[in-house]
Amino acid sequence: MSFVTHLECANCGDRYPAGEVHNLCTACGKPLWVRYDLDAVKQRVRKQDLAGRASTLWRFLELLPVSDPAHIVSLGETSTPILRAGRLAAHFGMAELFIKDESRLPTGSFKARGMALAVTMANQFGLKKLAVPTAGNAGGAMATYAARAGMRSWVFMPEDTPATNKKECHLAGARTYTVNGLIDDCGSIVARGEKEKGWFNVSTLKEPYRIEGKKTMGLELAEQLGWELPDVILYPTGGGTGLIGMWKAFGELEHMGWLSSSRRPRMIACQSTGCAPIVAAFQQGKRFAERCDNASTIASGIRVPSAVGDFMIIDAIRESGGVAMAAPEEDISTWMRLAASSDGIAICPETAVCLGVLEQLLESGGIDRKEKVVVFNTGAAQKYPEAVQERLPAIDLTKPIPWDEI
Ligand SMILES: *Cc1c(COP(=O)(O)O)cnc(C)c1O
């Protein structure tokens, strides 16, 4: 049995029973929160009990919606390390800087957390056909977990999605289609397929459980830091589930009295100047964002022109005292090279944007150089061959080796 009491619309507050298949709120079409009996969880488990459990996201089982561990679909969702980036910190004039390296997860991105939960819950409900629109990594993770569960899957992605994502979906046996449009155009196809083909739609926030998986980033971070949260979190924001999920995690931990202080981090939503609808809405004091029609960025995971959970992202940022900010698209590959060459941390282009935002906030005084800052590396640089334009000098074996130039 799980500790879920009910589901609740994030917009109108309508309630839905647990134990049934849900997508969006049927009253207003907005996403649903999963609610738990946190007092009962607190009775059942103490935070020190976690110490003896395996280092995977399933160590937080009481705060997850799974009712029978037999339903779990897993590829070994390991806890990810928080790495010190000493030379990068020195570059910024900071004493220290931390990077939580989510690239270690199955399929090379934090999307595995969400899909492990979404596919586990689909398995619990006996669903067999899953479909998703994707900017890249969500499709790869969904296809892979669906294969793990023995389910059929359909993936729709913009035609200029990174080649690695296309190949991983194909390898995992998903029916994979490229679409000459943006991710929300792919989303419309999946929405039609729900009716026409009987697919279950696992699109970001259109089912309630991916966010519960992403929530484990926040739970894990808190536990790793001895239940004392950092001052600032920088997070590359597309659909926003990571940021929303972490904010939910902090609220649940606070309710249970597991955090050492009630001071929560300022959440910084980072976007690229090539696609920054949340930044625009935040700056204009709005709660709902306008679609970014010409969205274009090499950081494909944050190329999301309109987010269903826009108001949830913006609410979390505001409650936390954070901001939404964009960094120049042109600087992405420079930041990737700097992080990998100075500290050996191969960050994805999405996270490169966070470093650009960090630089701006340090300069403006929005972040103090002494604060404890955690940047999330949401995926592996290796998944983005297109983002790196290297021209390597060649050795021609028919000529003498140019030792003077090497
Ligand atoms: C999907 C994705 C993001 C954006 O995550 P959201 O939580 O949906 O905002 C960031 N980075 C990478 C690598 C991604 O795949």
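Refer to the structure presented above.
Residues numbered from 1 in each chain as written. Predicted model: local features only at pLDDT ≥ 70, side-chain atom pairs only at ≥ 80, totals over all residues. Heavy atoms only, no water.

Here's the deal with a nonpolar patch on the surface
Taken together, the side chains of I395, L397, I401, W403 and I406 present a nonpolar region at the surface, about 610 Å² in accessible area. When you line up the elements, W403 lands in the segment after β13 (373–377). The class of W403 is exposed, set by a relative accessible area of 62%. (Patch = residues over 30% accessible without salt bridge, like charges linked within 9 Å, V, L, I, M, F, W, Y side chains within 5 Å. Areas by Shrake-Rupley, 256 points an atom, 1.4 Å probe, with all protein chains shown as cover. Salt bridge = Lys/Arg side-chain N within 4 Å of Asp/Glu carboxyl O. Helix = DSSP H or I, 4+ residues; strand = E, 2+ residues; numbered from the N terminus. Buried < 20%, exposed > 50% of the residue type's maximum accessible area, 1.4 Å probe, protein only.)

Some details on the side chain of K100
Looking at the secondary structure, you find K100 in strand β5 (residues 98–101). Take K100: its relative accessible area is 0%, and that puts it in the buried class. Looking at K100, its side chain comes within polar contact range of the side chain of E220, at 2.6 Å. (Polar contact = N/O pair within 3.5 Å; in protein donor to acceptor, adjacent residues only side chain to side chain.)

Considering the site of the ligand
The full set close to the ligand counts 18 residues, and K111, G238, G240, G242 and T378 are the nearest of them. Separating an oxygen atom of the ligand from a side-chain N or O atom of N137 is a distance of 2.9 Å. Residue G242 places a main-chain N or O atom 2.8 Å away from an oxygen atom belonging to the ligand. Elements with a minimum of two residues in the shell around the ligand: β10 (232–236) and α8 (241–255). When the residues that make up the shell around the ligand are grouped by side-chain class, the tally is 6 nonpolar, 10 polar and 2 charged. (Near = heavy atom within 4 Å. Nonpolar A, V, L, I, M, F, W, Y, C, P; charged D, E, K, R; others polar.)

A word on the packing of helix α3 (residues 111–124) against helix α4 (residues 137–149)
In contact at an axis separation of 9 Å, α3 and α4 are set at 40° when each is read in the N-to-C sense. One element, α3, and the other, α4, form an angle in the oblique class. With respect to the hand of their crossing, α3 and α4 are arranged in right-handed fashion. On α4, the residues touching K111, A112, M115, A116 and V119 of α3 are N137, A138, A141, M142, Y145, A146 and A149. Looking at the contact of α3 with α4 residue by residue, the class counts come to 10 nonpolar, 1 polar and 1 charged. (Axes fitted to C-alpha atoms, helices over the stretch in contact; angles between N-to-C directions. Parallel < 35°, antiparallel > 145°, perpendicular 65-115°, else oblique. Left-handed = near helix turned anticlockwise from the far one by under 90°. Contact = heavy atoms within 4.5 Å.)

Comments concerning the state of the cysteines
Tallying each qualifying case throughout the model produces 0 disulfides. The thiol sulfur of C169 is not disulfide-bonded, and the nearest other cysteine sulfur, from C186, lies at 11 Å. Residue classification places C169 among the buried residues on the basis of a relative accessible area of 0%. Unpaired in this structure, C348 has its nearest cysteine sulfur neighbour in C354, at a distance of 7.9 Å. Of the residues examined, C348 reaches a relative accessible area of 0% and is grouped as buried. (Disulfide = S-S within 2.5 Å.)

Some thoughts on the sheet that holds strand β3 (residues 32–36)
The sheet built from 3 strands is open, its strands ordered β2-β1-β3 with antiparallel pairing. On the outer flanks of this sheet lie β2 (15–17) and β3, each paired with one strand and no other. Sheet twist, expressed as the average angle between the axes of neighbouring strands with direction ignored, equals 30°. Across 3 bridges, strand β1 (residues 4–9) lies against β2 in antiparallel orientation. Across the sheet, the residue bridging to L7 is Y16, located in β2. (Pairing = 2+ DSSP bridges.)

Some points on the pairing of strand β7 (residues 152–158)
With 6 of 7 residues buried, β7 is to be regarded as a mostly interior element. Pairing between strand β6 (residues 129–133) and β7: 5 bridges, direction parallel. By the bridge assignment, A131 is partnered in β7 with W154. On the question of chirality, the crossover connecting β6 to the parallel β7 by way of α4 is right-handed. Note: β7 against strand β8 (residues 175–179), 5 bridges, orientation parallel. Within β8, the position partnered with W154 by the bridge is R175. (Right-handed = clockwise from strand over helix to strand, strands pointing away.)

Some thoughts on helix α11 (residues 332–343)
A rise of 1.5 Å per residue sets the reference length of α11, with its 12 residues, at 16 Å; its end C-alpha atoms lie 17 Å apart and thus fit the reference within 8%. Of the positions making up α11, those classed as buried are I332, W335, M336, A339 and S342. Take α11 and look down its axis: the buried residues cluster within an arc of 160°, on one side only. Set apart from the buried face of α11 by more than 90 degrees, the exposed residues are T334, R337 and S341. Buried residues belonging to α11 abut α2 (86–92) and α12 (349–364). Positioned one or two residues after α11, G344 has a phi angle of 70°, which is positive. (Expected span 1.5 Å × (residues − 1). Arc of directions from axis to C-beta.)

Thoughts on the packing of aromatic side chains
In the structure shown here, the tally under the stated rule is 10 aromatic pairs. Taken together, a centroid distance of 5.9 Å and an interplanar angle of 80° make the contact between F110 and Y235 edge-to-face. Taken together, the positions of F110 in the loop between β5 and α3 and Y235 in strand β10 put the pair 125 residues apart, joining distant regions of the chain. A relative accessible area of 2% means that Y235 is categorised as buried. Aromatic rings pair up to connect W154, F156, Y177 and W199 into one cluster. (Phe/Tyr/Trp six-rings, centres within 6.5 Å; stacked < 30°, edge-to-face > 60°.)

So, the environment of L61
Note that L61 resides in the loop between α1 (38–44) and β4 (82–84). Separated by 286 residues in sequence, L61 and I347 place their C-alpha atoms 29 Å apart.

Side note on the pattern of salt bridges
In a structure, side chains of opposite charge can pair up when their charged atoms sit close to one another. Throughout the structure, instances matching the rule amount to 25 salt bridges. For E96, the salt bridge is made with R84, and the minimal N-O distance between the two is 2.7 Å. Here the residue E96 occupies a position in the loop between α2 and β5, and R84 occupies one in strand β4, the gap between them amounting to 12 residues. Assessed through its relative accessible area of 58%, R84 is described here as exposed. A salt bridge links E212 to K248; the nearest nitrogen and oxygen atoms lie 2.8 Å apart. Remark: K248 occurs in helix α8 and E212 occurs in helix α7 (residues 210–224); sequence separation between them is 36 residues.

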